[in-house]
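This is what each chain is made of:
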Amino acid sequence: MSEAKKYAGGCQCGRVRYDVQVDLTQPVIACNCSMCGRAGTLLTFVPTSAFTLKSGGEALTDYKFNKHVIHHLFCSVCGIKSFARGVGRDGSEQVAINVRCLDEVDVDNLKVMKHDGRSR
Ligand SMILES: [Zn+2]
């Protein structure tokens, strides 16, 4: 049973804003790869249909590394990476949400699942 709810989120300076429909009763992912490990990102993945970028598209800088399958988008003004775009294992387009960037979400109340991205 999905308990997806609508959340608003975005970067620190407020240029990048989005709405997302996501089930935060499911564990979020703490990845230890060279990107997430440094940034302390907590991630959850949603289909593109659950994500609406409302503003800030022009402020986003696209950074790709490793296999270049994920577009790590960060705000060129404040530097916060509030979401990323990529393709899931099944080939569908997905959005990776940094749940730390969602309004009114207490990350201390979320279940966290560790993902060993460093060794892959
Ligand atoms: Zn910003």
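Everything here concerns the structure above.
Throughout, a residue's number is its position along its own chain's written sequence, starting from 1. Given that the model is predicted, a residue must reach a pLDDT of at least 70 before its local features are reported, and side-chain atom pairs must reach 80 or more before they are shown or counted; all residues, however, enter totals for whole chains, interfaces and linings. Side-chain measures here rest on the full set of heavy atoms in the structure, leaving out hydrogens and waters.

Some words on the coordination of the zinc ion
C11 (SG), C13 (SG), C75 (SG) and C78 (SG) make up the full set of protein donors to the zinc ion, lying at 2.3 to 2.4 Å. Water is not part of the atom set, so a site may look incomplete; the donors themselves are N, O and S atoms within 2.8 Å of the metal, or 3.2 Å for Na, K and Ca. By the criteria applied here, four donors are tetrahedral when all angles lie between 85 and 135 degrees, four are square planar and six octahedral when opposite donors are over 155 degrees apart and every other angle lies between 65 and 115, and any other arrangement is irregular. Angles of 104 to 115° at the metal separate the four donor atoms of the zinc ion, which places the site in the tetrahedral class. Mapped onto the sequence, the donors of the zinc ion take the spacing C-x1-C-x61-C-x2-C.

Re the environment of K54
With respect to the secondary-structure elements, K54 resides in strand 5 (residues 51–55). On the basis of relative accessible area, K54 is assigned to the exposed category, the value being 55%. Any pair of N or O atoms that falls within 3.5 Å is considered a polar contact. Within protein, one atom must be able to donate a hydrogen and the other to accept it, and sequence-neighbouring residues count only if both atoms are side-chain atoms. One polar contact links K54 to D19, side chain to side chain, over a distance of 3.4 Å. Runs of H or I in DSSP of at least four residues are treated as helices and runs of E of at least two as strands, each being numbered from the N terminus. Working definition: with a 1.4 Å probe on protein chains only, accessible area under 20% of the residue-type maximum means buried, over 50% means exposed, and in between means partly exposed.

A short note on the side chain of H72
With respect to the secondary-structure elements, H72 resides in strand 7 (residues 71–75). Take H72: its relative accessible area is 7%, and that puts it in the buried class. A polar side-chain atom of H72 sits 3.1 Å from a polar atom in the side chain of K81. Contacts are assigned to residue pairs with any non-hydrogen atoms lying within 4.5 Å of each other. Aside from chain neighbours lying at most four places away, what touches H72 is M35, T61, D62, Y63, F65, K81 and A84.

Quick word on the pairing of strand 1 (residues 5–10)
Pairs of strands are assigned from DSSP output, requiring at least two bridges between the strands. Here six bridges tie strand 1 to strand 2 (residues 17–22), and the two strands are oriented antiparallel to one another. Paired with G9 across the bridge in strand 2 is Y18. Hairpin connection of strand 1 to strand 2: six residues between the antiparallel strands, including G14 at a positive phi of 95°.

A few points about the sheet that holds strand 9 (residues 93–98)
Taken together, the seven strands give an open sheet; going across it, the order is 6-7-8-9-4-3-10, and neighbouring strands pair in mixed fashion. Whereas interior strands pair on both sides, the edge strands pair on one side only; in this sheet they are strand 6 (60–63) and strand 10 (112–115). Neighbouring strand axes in the sheet, compared pairwise and without regard to direction, differ in orientation by 30° on average. One ladder, built from five bridges, connects strand 4 (residues 42–47) with strand 9; its direction is antiparallel. Counterpart to V46 in the pairing with strand 9 is V95. Here an angle of 0 to 180 degrees is reported between the N-to-C directions of two axes, which are lines fitted to C-alpha atoms, with helices fitted over the stretch in contact.

What about the state of the cysteines?
What counts as a disulfide here is a pair of cysteine sulfur atoms lying within 2.5 Å. Throughout the structure, instances matching the rule amount to zero disulfides. Counting only cysteine sulfurs, C33 is the nearest neighbor of C31, a cysteine outside any disulfide, at a range of 3.9 Å.

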